[in-house]
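Okay, here's what each chain looks like letter by letter:
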Amino acid sequence: DQHFGSTPSSSGFITTMPILVNVTNNQAPTMASQVFSVNESEGSFPDIGLGGSSNSVTTVGTITTNDNEGDTVTFTSLSLTSGSGGSNTGQNDPSNNPFQVTSGGVIQLKSTQFLNSDIFNQYKYSATYRDNFNAESSSGVITVNITDDPIPTLTNNAGDTFNGQDLFYIIE
């Protein structure tokens, strides 16, 4: 075989072959600015009986990142950078910081949070994240818009009219 040399050694004839190993730096993941929306009715309203005793969280969306090597990206924090509600005592005093992020990048509305788009309609955050090979980093802005509840409408569910006008019935 051509890999065996002609120089004897204690283990036979051996030829040393060079091996070249290129080591490249692992690039840190990146994240672009992203916008999410949540309806104000997703918040808890214990003063009118909608979910005030619930300890559940509501998923708003998932932050996307780019990692050139395909490494798993872990989120470590979500820091409020713009937006200031109140002290979360009621519908007229919405939450100051109602959102959190999971390690997988899922943005969640924390349990028992008041949202009111008429008082405060947007929160901006900076997400901190990393892969297993790089230090924590932040880039891009996470914006969560609070949207109004839909305006209620009346419909003529009976199909009755009087002089061309819809009739509405109130059932007590």
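Just so it is clear, the model here is predicted, and its values are computed rather than measured.

## Quick notes on the packing of aromatic side chains
The way to describe two aromatic rings as a pair is by their centre distance and the angle between their planes.
Then step 1. Evaluation of the coordinates by the stated rule reveals four aromatic pairs.
Then step 2. Aromatic side chains Phe75 and Tyr129 sit 5.7 Å apart centroid to centroid with 50° between the ring planes, which places their arrangement in the tilted category. Separated by 54 residues along the polypeptide, Phe75 in strand β5 (residues 74-82) and Tyr129 in strand β8 (residues 122-130) bring together distant segments of the chain.
Then step 3. Relative accessible area serves as the criterion here: at 5%, Phe75 is assigned to the buried category.
Then step 4. Judged by its relative accessible area of 1%, Tyr129 is buried.

## Comments concerning the environment of Asn132
Then step 1. Take Asn132: it is sitting in the loop between β8 and β9 (142-147).
Then step 2. Classification of Asn132 as exposed rests on a relative accessible area of 58%.

## Structural notes on the nonpolar core
Then step 1. In this structure, Val60, Ile63, Phe75, Phe99 and Ile142 are the most contacted members of the largest nonpolar core, which totals 20 residues.
Then step 2. Counting residues per element, the ones that place at least two in this core are β3 (34-39), β5, β6 (99-101), β7 (106-109), β8 and β9.
Then step 3. Among the elements that make up this core, the one with the highest residue count is β8 (four residues).
Then step 4. Excluding its chain neighbours within four sequence positions, the residues that come into contact with Val60 are Phe36, Ser37, Val38, Phe99, Ile107, Gln108, Leu109 and Val144.

## Quick look at the sheet that holds β8
Then step 1. Strands sit in the order β3-β9-β8-β5 across an open sheet of four strands; the sheet is mixed. Of all strands in the sheet, those bounded by a partner on one side alone are β3 and β5. With direction set aside, neighbouring strand axes in the sheet form an average angle of 30°.
Then step 2. Of the strand pairs in this sheet, β3 and β9 are connected by six bridges, and their pairing is parallel. Looking at β9, one finds that Val35 is bridged to Thr143.

Cut-offs used in this document
Residues numbered from 1 in each chain as written. Predicted model: local features only at pLDDT ≥ 70, side-chain atom pairs only at ≥ 80, totals over all residues. Heavy atoms only, no water. Phe/Tyr/Trp six-rings, centres within 6.5 Å; stacked < 30°, edge-to-face > 60°. Helix = DSSP H or I, 4+ residues; strand = E, 2+ residues; numbered from the N terminus. Buried < 20%, exposed > 50% of the residue type's maximum accessible area, 1.4 Å probe, protein only. Core = buried A, V, L, I, M, F, W, Y, C linked by side-chain atoms within 4.5 Å. Contact = heavy atoms within 4.5 Å. Pairing = 2+ DSSP bridges. Axes fitted to C-alpha atoms, helices over the stretch in contact; angles between N-to-C directions.

These values are about where atoms sit, not about what they do.
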